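Below are the chains, spelled out letter by letter.
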Amino acid sequence: MSNPFLIKKDEKPSVAKIMFNIVLVALIIYLIFYFSLKVLGIVLDFSFVIVMRTRIFDGFIMTIIISILSLIISLAIGIVIAMGKGSSLLVFRYFSNAYVQFIRGTPLIMQIYLFYYIVGTAWGISNRILAGVVILSIFEGAYIAEIIRGSLLSLDQKQIEAARAVGFNKKQIIKIVILPQMMARTLPALTGQFASIIKDSSLLSLIAVIELMQTFREITAGNYNFFGGYIFLGCLYLILTLPISYISSRLEKSFAYEN
Amino acid sequence: MKIKLEKISKSFNSEQIVLSDVNLDDDIQTLAIIGPSGGGKSTLLRIVGGLLYPDAGQLLIDDKLVTFNEKELLQYRKELGFVFQNGGLFFHLTALENITVPLVKVHHYTQKEADKLAIELLTRFGLKDDMYKRPAELSGGQQQRVAIVRAVAAKPKMILLDEPTSALDPEYTNEVLDTINELKKEGMSFIIVTHEIGFARQGCEKVAFLKDGKLMEYGLSEEVFTNPKTKELQQFLSKLLEWN
């Protein structure tokens, strides 16, 4: 019997080996929590979930709605800014560069406070959910712009020459060659970014958008069950992000035809 | 196809001269363009194919002036077939789609006609089993053969091949050259930029030797290779033959 803890390079672990190690990891995680709770003398309690199920459900749905809306708007921003970064119109180019630098160089929490005063107070968007979506989109747009820009730059010029050579006109080159190839490169990364949006949306609780995070802040402020509350909250985020990560890695594999 | 080049010149970044004053006037069936790297071979091929604009000079095909604007060139390019060194197949499409999509979108075949023709050609060139594979799943030689099939599918006046075997492992070079030779026997005209001197000599009727952007020698392959006139070509050939 080979060492149950190790695999050799290029070895595929057996089912028994996989199960053994998964159980081991679960045990380690359990022990960390068990001893931490024991020191504090806390017993894990999830009974609040039944009582608060409507609020939790509402918060859960709100997080999904905010994330989807932000994905759509930030995608639009990202496309415009990605084009801006390569634009021959200098004002557009410099603005796009400045935007990306600022957003990527400062923390989201600061941007939320800052933009809430701009978007919310100065622009008069009093609806907190809408303001939250706009702020989150401005933030994520910079990252999506970089994803799109990267895939634009990685387009193979030989492919475009070949497209001209077979007689495609400009529209056909974009539709038949450039867009599908860009999709293949951006889709996995965009899906991954969607998981980030879901996590980042939790910071909108700072401006009292009642999404998942804020719901749990309110619940735990009432029942003082911080451990139970936040562990459950973590699980809810994982329910959203794990499938997305899975889809992202599947997309990556299915588009791996380039290499 | 009658090709007439009149004082064709081209430079990149307005400094680096790639072609200077290239003249040629002949009825070409099969032509090999040979010469050292950086001599302007690929650039000349691209100008003849309407993929690059010359800075100066004129190109006449069958006594007709080729106007270098995108709209006219679009039409012009449809009558030609291209094969590139590598990476010329669309890597998100299967071998079959690489052939059928241009037939449908550019040459207005119905999907059914395009499929039929493409499968016929792929079968003939021993690629039928691989037609649903994407380029990355094909060997370099298979990729180039698919590219050749794509180039000839729409029955072009001529095909232009830019170093079609340079990126290949030696064992694949011959299968690609054989394919070109087979098409030649059916009367397909072509211009090939190549380092395969044997193919230039035996497989091509005419040969052009390009060095430093100048057309140094041109003529029947047999004559040019047996009796190179310029010192440049003599040196070039002796270098190539050093290990042969």
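Further up the page is the structure itself.
Definitions and limits used
Residues numbered from 1 in each chain as written. Chains lettered and ligands numbered in written order. Predicted model: local features only at pLDDT ≥ 70, side-chain atom pairs only at ≥ 80, totals over all residues. Heavy atoms only, no water. Helix = DSSP H or I, 4+ residues; strand = E, 2+ residues; numbered from the N terminus. Rg over C-alpha atoms; globule rule 2.2 N^0.38 Å. Buried < 20%, exposed > 50% of the residue type's maximum accessible area, 1.4 Å probe, protein only. Contact = heavy atoms within 4.5 Å. Areas by Shrake-Rupley, 256 points an atom, 1.4 Å probe, with all protein chains shown as cover. Core = buried A, V, L, I, M, F, W, Y, C linked by side-chain atoms within 4.5 Å. Pairing = 2+ DSSP bridges. Axes fitted to C-alpha atoms, helices over the stretch in contact; angles between N-to-C directions. Patch = residues over 30% accessible without salt bridge, like charges linked within 9 Å, V, L, I, M, F, W, Y side chains within 5 Å. Salt bridge = Lys/Arg side-chain N within 4 Å of Asp/Glu carboxyl O. Parallel < 35°, antiparallel > 145°, perpendicular 65-115°, else oblique. Left-handed = near helix turned anticlockwise from the far one by under 90°. Nonpolar A, V, L, I, M, F, W, Y, C, P; charged D, E, K, R; others polar.

**Comments concerning the overall build of chain B**
1) Next: A tally of helices and strands in chain B yields nine helices and 10 strands.
2) Next: Taken over the C-alpha trace, chain B has a radius of gyration of 18 Å; the compact-globule value for 244 residues is 18 Å, and the two agree within 12%.
3) Next: A principal-axis box enclosing the C-alpha atoms of chain B has dimensions of 55 × 45 × 35 Å.
4) Next: The buried share of chain B, reckoned over its 244 residues, is 54%.
5) Next: Nonlocal contacts in chain B, meaning residues at least 24 apart in sequence, comprise 65% of its contacts between residues at least 6 apart.
6) Next: For chain B, the computed accessible surface area is about 11,400 Å², with 48% contributed by carbon and sulfur atoms.

**Examining the nonpolar core**
1) Next: Core analysis: the biggest nonpolar cluster contains 52 residues, and Phe-168 of chain A together with Ile-3, Leu-5, Leu-59, Phe-90, Met-158 and Ile-191 of chain B have the highest contact counts within it.
2) Next: No other element matches helix H8 (residues 170-200) of chain A, which puts six residues into this core.
3) Next: Aside from chain neighbours lying at most four places away, what touches Ile-3 of chain B is Leu-24, Asp-25, Asp-26, Ile-28, Val-48, Leu-59, Leu-60, Ile-61, Met-158 and Ile-191 of chain B.
4) Next: Judged by nonpolar contacts, the second largest core, of 45 residues, contains Ile-99, Phe-125, Ala-147 and Ile-197 of chain B.

**Considering the sheet that holds strand E2 (residues 16-27) of chain B**
Residues and elements named next belong to chain B.
1) Next: Spatially, the four strands line up as an open sheet ordered E2-E1-E4-E5, and their pairing is antiparallel. Among the strands making up the open sheet, the edge pair consists of E2 and strand E5 (64-65).
2) Next: Pairing of strand E4 (residues 56-61) with E5, which is carried by two bridges, proceeds in the antiparallel orientation. Bridging from a neighbouring strand, Leu-60 pairs with Leu-65 of E5.
3) Next: Taken strand by strand, helix H1 (residues 41-48) contacts strand E1 (2-12), E2 and E4, and its axis lies near 125° from that of E1.

**A short note on helix H2 (residues 70-78) of chain B**
1) Next: Taken together, the buried positions of H2 of chain B are Leu-73, Leu-74, Tyr-76 and Arg-77 of chain B.
2) Next: Tucked inside the fold, the buried residues of H2 of chain B contact helix H7 (157-165) of chain A together with H1, E4 and strand E6 (80-83) of chain B.

**A closer look at the sheet that holds strand E9 (residues 206-211) of chain B**
Residues and elements named next belong to chain B.
1) Next: One open sheet accounts for six strands, arranged E6-E7-E8-E3-E9-E10; its pairing is mixed. Of all the strands in the sheet, just E6 and strand E10 (214-220) have a single pairing partner and so form its edges. Neighbour-to-neighbour, the strand axes of the sheet open up by a mean angle of 15°, direction not taken into account.
2) Next: Sheet topology places strand E3 (residues 30-34) next to strand E8 (residues 190-193); four bridges connect them, and they run parallel. If you follow Thr-30 over to E8, its bridge partner there is Phe-190.

**Some details on a nonpolar patch on the surface**
Residues and elements named next belong to chain A.
1) Next: A cluster of nonpolar residues, Phe-57, Ile-61, Ile-65, Ile-68, Leu-69, Ile-72 and Ile-73, forms a patch on the protein surface that exposes about 590 Å² of accessible area.
2) Next: Here Ile-61 lies in helix H3 (residues 53-85).
3) Next: Residue Ile-61 is classed as partly exposed on the basis of its relative accessible area of 32%.

**A short note on the packing of H3 of chain A against helix H4 (residues 90-105) of chain A**
All names here are of chain A.
1) Next: Contact geometry of H3 with H4 gives a least axis separation of 7 Å together with a crossing angle of 125°. In this view, H3 runs oblique relative to H4, as classed from their interaxial angle. For the crossing formed where H3 meets H4, the hand is left-handed. Taking contact as the criterion, the partners of Ile-77, Val-80, Ile-81, Met-83, Gly-84 and Lys-85 in H3 are, on H4, Phe-92, Arg-93, Phe-95, Ser-96, Asn-97, Tyr-99 and Val-100.
2) Next: Split by residue class, the contact of H3 with H4 holds eight nonpolar, three polar and two charged.

That is the geometry; function is a separate question.
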